[in-house]
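Residues per chain are reported as follows:
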Amino acid sequence: AATAASVITSTRADNGITIVIDAGHGGADGGVVGVSTGTKESDINLSISKYLMKHLQKNGYNVVLTRSDAGAVNGGIKYSKREDMRARKNAVRAAAPDLVVSVHCNSYPVSSVKGAQVFFATSALGEKFASTVQSYFNEVLNEKPRKAAVGDYYILNCTEYPSILCECGFLSSPAEENLLITASYQEKVAYTIYTAINSVFYSQTNGNG
């Protein structure tokens with residue numbers, strides 16, 4: 001089986017900031033599926049993650065992807081959720097990042113529910129990144145504002161590094177699904193995340209953090 005390190009994609013950067021982008025799900029775990037098209041969440045997550053990586057790299061960030069293709073992170077023949085999550089944790093620890101951004105799509109039994117939302121663990125810095133990304137989501141993507149919230153997700157709690165989880169929209173909403181499956185909207189979501197986290201790092205380097 002491949003090791004976690006073998007599926008990591010990274011680049012050198014010049015601003016000294018490392019960001020891990022975790023594309024949720026993958027391999028046998030496709031996540032939720034679009035209510036109209038059946039598109040797998042894992043594919044949308046990966047696409048948004050790669051657009052986000054592009055914007056970050058272009059602007060001097062060192063980027064590490066926990067997965068760079070449709071496969072599971074642990075790369076084993078037989079899928080194991082526990083091993084997959086452990087491989088993500090190991091990838092984060094190896095990168096020792098300034099921020100972890102996990103990319104997901106949401107689902108809800110009521111199809112009218114829409115909107116992008118950000119979750120964080122209990123760290124002050126994680127909350128700052130989450131609230132900033134949420135404000136950008138509300139301004140650029142959401143018809144109705146949402147609030148960043150504490151989330152009990154493994155990727156947020158598995159290491160001490162500041163971490164946020166971005167639910168980029170609801171695949172249970174036909175209208176939002178039709179946006180999320182398009183490359184243009186995926187890049188719009190990614191650019192929104194990029195501009196938000198860049199604003200936090202910029203404020204820190206200028207003594208306003």
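Bear in mind that the values here come from a model prediction, so they are computed numbers and not experimental data.

About the thresholds
- Residues numbered from 1 in each chain as written.
- Predicted model: local features only at pLDDT ≥ 70, side-chain atom pairs only at ≥ 80, totals over all residues.
- Heavy atoms only, no water.
- Helix = DSSP H or I, 4+ residues; strand = E, 2+ residues; numbered from the N terminus.
- Phe/Tyr/Trp six-rings, centres within 6.5 Å; stacked < 30°, edge-to-face > 60°.
- Buried < 20%, exposed > 50% of the residue type's maximum accessible area, 1.4 Å probe, protein only.

Its identity is not glycine, yet His25 carries a phi of approximately 70°, on the positive side. Structurally, His25 is set in the loop between strand E2 (18-23) and helix H1 (41-58). Positioned with a positive phi, Ala96 is a non-glycine residue whose angle comes to about 45°. Residue placement: Ala96 occurs in the loop between helix H2 (81-95) and strand E4 (99-106).

This brings us to the packing of aromatic side chains. In total, this model carries 4 aromatic pairs according to the counting rule given. Relative to Phe201, the ring of Phe129 lies with its centre 5.0 Å away and its plane at 55°, an arrangement referred to as tilted. A residue pair is termed long-range when its members are at least 10 positions apart, and Phe129 in helix H3 (residues 124-140) and Phe201 in helix H6 (residues 183-205) qualify at 72 residues. Consider the rings of Tyr191 and Tyr194, whose centres lie 5.8 Å apart with planes at 45°: the pair is tilted. One end of the pair, Tyr191, and the other, Tyr194, are both in helix H6, 3 residues apart, so they sit about a helical turn from each other. Taking the relative accessible area as the measure of exposure, Tyr191 reaches 44% and is therefore partly exposed. Note on Tyr194: relative accessible area 6%, which makes it buried.

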